[in-house]
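Breakdown of the fold
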Amino acid sequence: MHRRWRDGAAILRTPQADVPLRVAASYRARTRGLLGADGIEGALLLTPASSVHTVRMRFAIDVAYLDRRLRVLAVRTMPPGRVGRPRLLGRHVLEAEAGAFARWGVRRGVRVEVVEVGEGPAADAGAAGRTDDQRH
């Protein structure tokens, strides 16, 4: 199944948390990314993307390279001012503040899920408004 990605809000389902997610699918949104931000609540999904950089960023980030099925190929923590290597099978890049992926259980081999706000059980359970990292 091929998904048509759009900019906007969603929920990221990880092994240990449901996390607020911002999807950056347009060229403009991907280019902007986290530049100029002092932090991020939840995570950012860049799609399509196979690499990222932290040039002109103000904080360290966790980066997960995902394949087309949203399986994690690799996880790295990148301090400001770095350029990441492109991943051959990478189709999406997930970003969050450094240390978040360890709390959420995001590691190599894990598959994550993206649920659009207002779609599926996550929306019905009120997960979209939850700000903690706990899945109940």
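Preceding this section is the structure that the text describes.
Keep in mind that what you see is a predicted model, and the values were worked out from it rather than measured.

What about the sheet that holds strand β1 (residues 8–13)?
Pairing within the open sheet is mixed, and its 7 strands lie in the order β5-β4-β6-β3-β2-β1-β7. Looking at the sheet topology across the chains shown, the edges are occupied by β5 (72–78) and β7 (113–116). Mean inter-strand twist for the sheet, computed between neighbouring axes without regard to direction, equals 30 degrees. As judged from the 6 bridges shared by strand β4 (residues 61–66) and β5, these two strands associate in the antiparallel manner. Counterpart to alanine 64 in the pairing with β5 is valine 75.

So, the pattern of salt bridges
Scanning the model with the defined rule gives 4 salt bridges in all. Between glutamate 116 and arginine 6 there is a salt bridge, and its shortest N-O distance comes to 3.3 Å. Placement of glutamate 116 in strand β7 and of arginine 6 in the segment before β1 is noted, with a sequence separation of 110 residues between them. We classify arginine 6 as exposed; its relative accessible area is 59%.

Considerations on the nonpolar core
Counting residues in hydrophobic clusters, the biggest one holds 22 residues, and the most contacted among them are Leu12, Leu21, Leu66, Leu94, Trp104 and Val114. Among the secondary structure elements, those contributing two or more residues to this core are β1, β2 (18–24), β3 (43–46), β4, β6 (92–97) and α2 (100–104). Residues in contact with leucine 94, not counting those within four places in the same chain, are Leu12, Leu21, Ala43, Leu44, Leu45, Asp62, Val63, Ala64, Leu66 and Phe101. Membership of the second largest hydrophobic core comes to 16 residues, among which are Leu35, Leu46, Ala74 and Met78.

Calculation rules
Residues numbered from 1 in each chain as written. Predicted model: local features only at pLDDT ≥ 70, side-chain atom pairs only at ≥ 80, totals over all residues. Heavy atoms only, no water. Pairing = 2+ DSSP bridges. Helix = DSSP H or I, 4+ residues; strand = E, 2+ residues; numbered from the N terminus. Axes fitted to C-alpha atoms, helices over the stretch in contact; angles between N-to-C directions. Salt bridge = Lys/Arg side-chain N within 4 Å of Asp/Glu carboxyl O. Buried < 20%, exposed > 50% of the residue type's maximum accessible area, 1.4 Å probe, protein only. Core = buried A, V, L, I, M, F, W, Y, C linked by side-chain atoms within 4.5 Å. Contact = heavy atoms within 4.5 Å.

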